[in-house]
Amino acid sequence: MSGFKRCYLYNEDMDALSTTLETEGRGLKDLLGGKGSNLCLMTNAGIPVPPGFTITTDTCIEFVNTGKLPEGLEEEVMQTIRALEEWVGKGLGNPANSLLVSVRSGSKFSMPGMMDTVLNLGLNDEVAAAMVELMGDERFVWDAYRRFIMMFGDVVRGVDREHFEECLTNVKQEEGVTNDVDVSAEGLRKVVAMEKEVYKQHLGEDFPTDPGQQLFASIEAVFSSWDNDRAIAYRELNGISHDIGTAVNVQTMVFGNLGADSGTGVAFTRDPATGEKQIYGDYLFNAQGEDVVAGTRTPVPIAELEEQMPEIYEEFAAICEKLEKFYHDMEDVEFTVEQGKLWMLQTRDGKRTARAAIKIAVDMVEEGLITQQEAVMLVEPDQLDQVLHRQFDSGAKPAAVATGVAASPGAAAGQVVFSSEEAVQWAGQGQRVVLVRHETSPDDIRGMAAAQGILTVLGGKTSHAAVVGRQMGKPCVVGCGAIELNYDQKQFDVNGNLVKEGDYVSIDGTTGEVMLGDVATTDSDIIQVLRGTMAPEESEDYQYFTKFMPWADEVRVMGVRTNADTPEDSTLARNLGAAGIGLTRTEHMFFGEDRLLNFQKMILSDSEEDMTEVANALLPYQREDFYGILKAMDGLPVIIRLLDPPLHEFLPKDQAGIEAAAEISGKTPEQIRDIAVNLHELNPMLGHRGCRLGITFPMIYKMQVRAIFEAACQLKKEGYAPVPEVMIPLVGILGELEITKAYSEEVAQQVMDEQGVEVECIIGTMIEIPRACLVADDIARIAEFFSFGTNDLTQMAFGFSRDDVEGKFIPAYIAQRIIEVSPFESIDRDGVGELMRMAVEKGREANPDLELGICGEHGGEPRSVAFCHEIGLDYVSCAPLRVPIARLAAAQAQLQNPR
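Residues numbered from 1 in each chain as written. Predicted model: local features only at pLDDT ≥ 70, side-chain atom pairs only at ≥ 80, totals over all residues. Heavy atoms only, no water.

It is worth spelling out the overall build of the chain at this point. Each helix and strand counted, the chain has 37 helices and 33 strands in total. What you see for the chain is a C-alpha radius of gyration of 32 Å, in line with the 29 Å of a compact globule of 899 residues. Principal axes of the C-alpha set define a box for the chain whose edges measure 105 × 60 × 55 Å. For the chain, the proportion of its 899 residues judged to be buried stands at 57%. (Helix = DSSP H or I, 4+ residues; strand = E, 2+ residues; numbered from the N terminus. Rg over C-alpha atoms; globule rule 2.2 N^0.38 Å. Buried < 20%, exposed > 50% of the residue type's maximum accessible area, 1.4 Å probe, protein only.)

This structure, assessed with the given rule, holds 19 aromatic pairs. Ring centres of Phe-809 and Tyr-813 lie 4.9 Å apart, and the angle between their planes is 45°; this geometry places the pair in the tilted category. Note on Phe-809: relative accessible area 25%, which makes it partly exposed. With a relative accessible area of 30%, Tyr-813 lands in the partly exposed category. Here the aromatic residues Phe-148, Phe-152, Tyr-199 and Phe-207 are joined through ring pairs into a cluster of three or more. The positively charged end of Arg-235 is found above the aromatic ring belonging to Trp-226, 3.8 Å away from the centroid. Positioned over the ring face of Trp-343 is Lys-341, at 5.0 Å from the centre of the ring. (Phe/Tyr/Trp six-rings, centres within 6.5 Å; stacked < 30°, edge-to-face > 60°. Lys NZ or Arg CZ within 6 Å of the ring centre and 35° of its normal.)

Another aspect to go through is a negative patch on the surface. On the surface, Glu-608, Glu-609, Asp-610 and Glu-613 cluster together to form a negatively charged patch. Classification of Glu-613 as exposed rests on a relative accessible area of 58%. (Patch = residues over 30% accessible without salt bridge, like charges linked within 9 Å, V, L, I, M, F, W, Y side chains within 5 Å. Areas by Shrake-Rupley, 256 points an atom, 1.4 Å probe, with all protein chains shown as cover. Salt bridge = Lys/Arg side-chain N within 4 Å of Asp/Glu carboxyl O. Lys, Arg positive; Asp, Glu negative; His and termini not counted. Charge placed at Lys NZ, Arg CZ, Asp CG, Glu CD.)

The next subject is the environment of Gly-807. Relative to the elements of secondary structure, Gly-807 occurs in helix α33 (residues 802–808). Residue Gly-807 is classed as exposed on the basis of its relative accessible area, which comes to 58%. Linking Gly-807 and Gln-622, residues 185 residues apart in sequence, is a C-alpha distance of 36 Å.

In this structure the tally under the stated criterion is 60 salt bridges. For Lys-5, the salt bridge goes to Glu-12, with nearest N and O atoms at 2.9 Å. Assessed through its relative accessible area of 37%, Lys-5 is described here as partly exposed. What emerges from the salt-bridge pattern is a single network uniting Glu-587, Arg-641, Asp-644, Arg-689, Glu-768 and Asp-792.

A word on helix α5 (residues 125–135). Among the residues of α5, Val-127, Ala-128, Ala-130, Met-131 and Val-132 are the ones counted as buried. Close packing links the buried residues of α5 with β4 (98–99) and α6 (138–156). Where α5 starts, the residue carrying a side-chain oxygen 3.2 Å from the main-chain nitrogen of Glu-126 turns out to be Asn-124. Note on α5: the residue one or two positions beyond its end, Gly-136, has a positive phi of about 70°. (Contact = heavy atoms within 4.5 Å. Polar contact = N/O pair within 3.5 Å; in protein donor to acceptor, adjacent residues only side chain to side chain.)

Right, let's get into the pairing of strand β12 (residues 341–349). Remark: a regular strand shows side chains that alternate across the two faces of the sheet. As judged from the eight bridges shared by strand β11 (residues 331–338) and β12, these two strands associate in the antiparallel manner. Bridge assignment links Glu-331 to a residue of β12, and that residue is Asp-349. Adjacent in sequence and paired antiparallel, β11 and β12 are bridged by two residues, among which Gln-339 carries a positive phi angle near 50°. (Pairing = 2+ DSSP bridges.)

Read across the sheet, five strands follow the order β1-β2-β7-β5-β6 without closing on themselves; strand pairing throughout is antiparallel. Whereas interior strands pair on both sides, the edge strands pair on one side only; in this sheet they are β1 (7–9) and β6 (117–121). When strand polarity is set aside, the average angle formed by the axes of neighbouring strands in this sheet is 20°. Here β1 runs beside strand β2 (residues 52–55); their pairing, made up of three bridges, is antiparallel. Bridge pairing in β2 links Leu-9 to Phe-53. Running over the sheet, helix α9 (residues 211–224) touches β2, β5 (101–107), β6 and β7 (246–252) and is turned about 145° from β7. (Axes fitted to C-alpha atoms, helices over the stretch in contact; angles between N-to-C directions.)

Attention now goes to the sheet that holds strand β9 (residues 280–285). The strand order across the open sheet formed by five strands is β10-β9-β8-β11-β12, and the pairing between neighbours is antiparallel. The open sheet has two edge strands, β10 (300–301) and β12, and neither has a second partner. Contacting β8 (263–268), β11 and β12, helix α13 (residues 310–327) crosses the sheet at an angle of about 30° to β12.

A separate point is the pairing of strand β23 (residues 504–508). For β23, a buried count of four out of five residues is recorded, marking the element as mostly surrounded by other parts of the structure. Relative to β23, strand β16 (residues 411–417) runs antiparallel, the two being bridged by five bridges. The partner of Ala-412 across the bridge, within β23, is Ile-507. Judged from the four bridges that link them, β23 and strand β24 (residues 513–516) form a sheet pairing that is antiparallel. In the strand pairing of β24, Ser-506 is matched with Met-515. Count of turn residues in the β23/β24 antiparallel hairpin: four residues, of which Gly-512 carries a positive phi of about 85°.

With that settled, the discussion passes to the packing of helix α36 (residues 862–871) against helix α37 (residues 883–896). Viewed as axis vectors pointing N to C, α36 and α37 meet at an angle of 50°, and their least axial separation amounts to 9 Å. With respect to each other, α36 and α37 are oriented oblique. With respect to the hand of their crossing, α36 and α37 are arranged in right-handed fashion. Judged by residue contacts, Pro-862, Val-865, Ala-866 and His-869 of α36 engage Ile-885, Ala-886, Ala-889, Ala-890, Ala-893 and Gln-894 from α37. Partitioned by chemical class, the residues of the contact of α36 with α37 number eight nonpolar, two polar and no charged. (Parallel < 35°, antiparallel > 145°, perpendicular 65-115°, else oblique. Left-handed = near helix turned anticlockwise from the far one by under 90°. Nonpolar A, V, L, I, M, F, W, Y, C, P; charged D, E, K, R; others polar.)

With that settled, the discussion passes to the packing of helix α7 (residues 161–175) against helix α8 (residues 185–203). Following both chains from N to C, one finds α7 and α8 inclined at 145°, their axes separated by 9 Å at the closest point. Crossing geometry of α7 relative to α8 is assigned as right-handed. Of the residues in α8, those touching α7 at His-163, Phe-164, Cys-167, Leu-168, Asn-170, Val-171, Glu-174 and Glu-175 are Gly-187, Leu-188, Lys-190, Val-191, Met-194, Glu-195, Val-198, Tyr-199 and His-202. A class-by-class count of the residues in the contact of α7 with α8 yields nine nonpolar, four polar and four charged.

This brings us to the environment of Leu-498. Tracing the chain through its elements places Leu-498 in strand β22 (residues 497–500). With 15 residues separating them in the primary sequence, Leu-498 and Ile-483 have C-alpha atoms 9.8 Å apart. Not counting residues within four places of it along the chain, the set of residues in contact with Leu-498 comprises Gln-491, Phe-492, Asp-493 and Asp-503.

This paragraph deals with the side chain of Arg-437. Of note, Arg-437 is situated in strand β17 (residues 433–437). Arg-437 sits in the buried class, given a relative accessible area of 18%. From its side chain, Arg-437 meets the backbone oxygen of Phe-418 in a polar contact 2.7 Å long. Setting aside residues up to four positions removed in sequence, Arg-437 forms contacts with Phe-418, Ser-419, Asp-444, Leu-455, Thr-456, Val-457, Leu-485 and Tyr-487.

Inspection of the entire model under this criterion finds zero disulfides. Cys-40 provides the cysteine sulfur closest to Cys-7, a residue in no disulfide bond, and the two sulfurs are 12 Å apart. With no disulfide of its own, Cys-320 lies closest to Cys-40 among cysteine sulfurs, the gap being 20 Å. Taking the relative accessible area as the measure of exposure, Cys-320 reaches 3% and is therefore buried. (Disulfide = S-S within 2.5 Å.)

The structure is reproduced here in structure tokens:
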């Protein structure tokens, strides 16, 4: 156990506790959870909060680890209960003046609805009878009692809530009423008796009457709910650690169901959808808080509270304003009015849309409420996806027929096609298509580019479809195992729905949802402005976005580049704030029809001379590609990776492709099949690829380097300022870089001499092999930059095949707490991260001027960006639409961990 108490009353000195916690690098929320710390702070600030106390998150962790309440907890809880009784002047289980309490969860991070709650605890027959006599409101007491039995039976003892609700339904039918509020006092008393019988039938024991027994059983239940399925799933989806536990809050009950002068509500201090500065929420007259959340009654807009109880509303609005000033954020509050008295039950930082988050941050700065740096911390980087990607009209979005892995955000709708060729053909005729595949390969690149979106049966967040989808900014859903795909019949079945070629489907790459039909989508306002299809003054989103993002840029010290293979992507990324390109993948450029056939002809050549001749025939295509990209990034660095994939990936697999390759190469289809078999590798990731191609087939790299420098020299003559950087991939041995760099420099100099132009350029390598990290000091003596390829580095460090493991056992590893998150989603700090740290330290020691960056998919993931900042990288690089996310994440990393 830590050196802290297990129970803290809300009125204890929080300043002193905060100071003590700071010595351990912790805050109030770490110990008391978000709800508990906020209730304590509100109480300390004089805001009306029902008295109570918090049992710490440390206690939950002990309970989860041992399966039982820690020794000494019961005694400390009962001591705190006695202090609470003295504070409020009531007694738990005392019929003469009974104290009723709620028992609620409350972790460091808000997890709304994920864990359990028990209300009205402390009721039994004796207490109920005494309350009826004391209050004179028999209906209220029996209503509170039946609610307690139902919640305790459901939450604490696991009896399905429906069995208890059936009791109330039966009594309503007997009395001929429809609404709960119309059931008579005698009817509610009958419900209590019926619920007790349900409890005994299912559990074989009477409902407990001892308030102490009720309390500790409820505390255990709330601690246990930390590990219920929905809480685990919520943490996994939101990147919350499984190890932080939840606090338990034991709080005096206040009642909103005591008549017309009572009620309960939930509100936000600003509109969570739009960010407008107005109180937004719902209120129920004569109701308990669970009625709002459960939807058993229809609430009214909170504006009606202002009409019915203007003084209460005025007090409530003043508290909302006070909370915003105190927390420097938009707040989500729960409150109850008990016979004309306002009580604040909870406050937490409110969940909001991306649009609202940006507007609230900017408005609060302009109101003088927060600083620009505080504003930067108010927006979650991943939220920016919502304002950049194509979106569905939420009002027209139908129910999903299946859900896969949300691999690349955005909305897409189109007609189903099952091959890359069909995608290109149909799109060329002006049709919108969604490409549906078991899984994609580099052969599908043209179809993926032509499609509105990509849907695969297999794969995970770092599968080929996912990586390329994000790179292209294409919505993508992968790993949708509910789909039964039949290529021969050109159709698939999904949960009983037959979808044929040409039928419309819609996919949401932000949520992973797959829907039938053509659901309307639209570009976000921001992208429309950047593409010139909307005027800036027409978009409030754009105006707020362009006010907000420069504040992040003023703070961050780490650069942000983009991964882009086309001038269009390069221009979009530059407009979104990219300061260069961290990765241009040249292999994608060979998949145009003429280019691919020529590339296949090169692979199928019989001699080195023939191979060189055909490689040179590809040079004009490459020069054109590099010219467009370097021009789009005029004045900014552009890292161009020389060919990386193994050659067999470019050879045809279908009969038509084999026949076309045979015609251009002069070989028979049988010979081409034999060559493909000979080139095929059992584990291509570890095979003949990257710089190994540059060693055995130098003519390919030499052609690419010549194309880069011819394009750069042409631009220089035209008055541009190209800044090419050449990347040699997959280096793990110093000699590999020595040879490939030497002839690359030689070719570059030849071109510059021929053109009479000097172009500044550096040559470096992608660090993606563990050995490269171990010998980084040797490699850095001749490399001018390192760029971490964390996708492959992760595969090799773990011994994982990313296309296989995500769907087969990573979910089981996460569920069983072997890992908290897929290492392909967020950098594994302890393993892969240590390799990176080693490479940075060794590389910089050998070469202080070494440029350091990352170009793997992790470069746009906020937790990974924070780690890159921590180890001292110069830049991160990511897909164009993730550039703002990386900019914001880098700024937040600097504010939280200044270099």
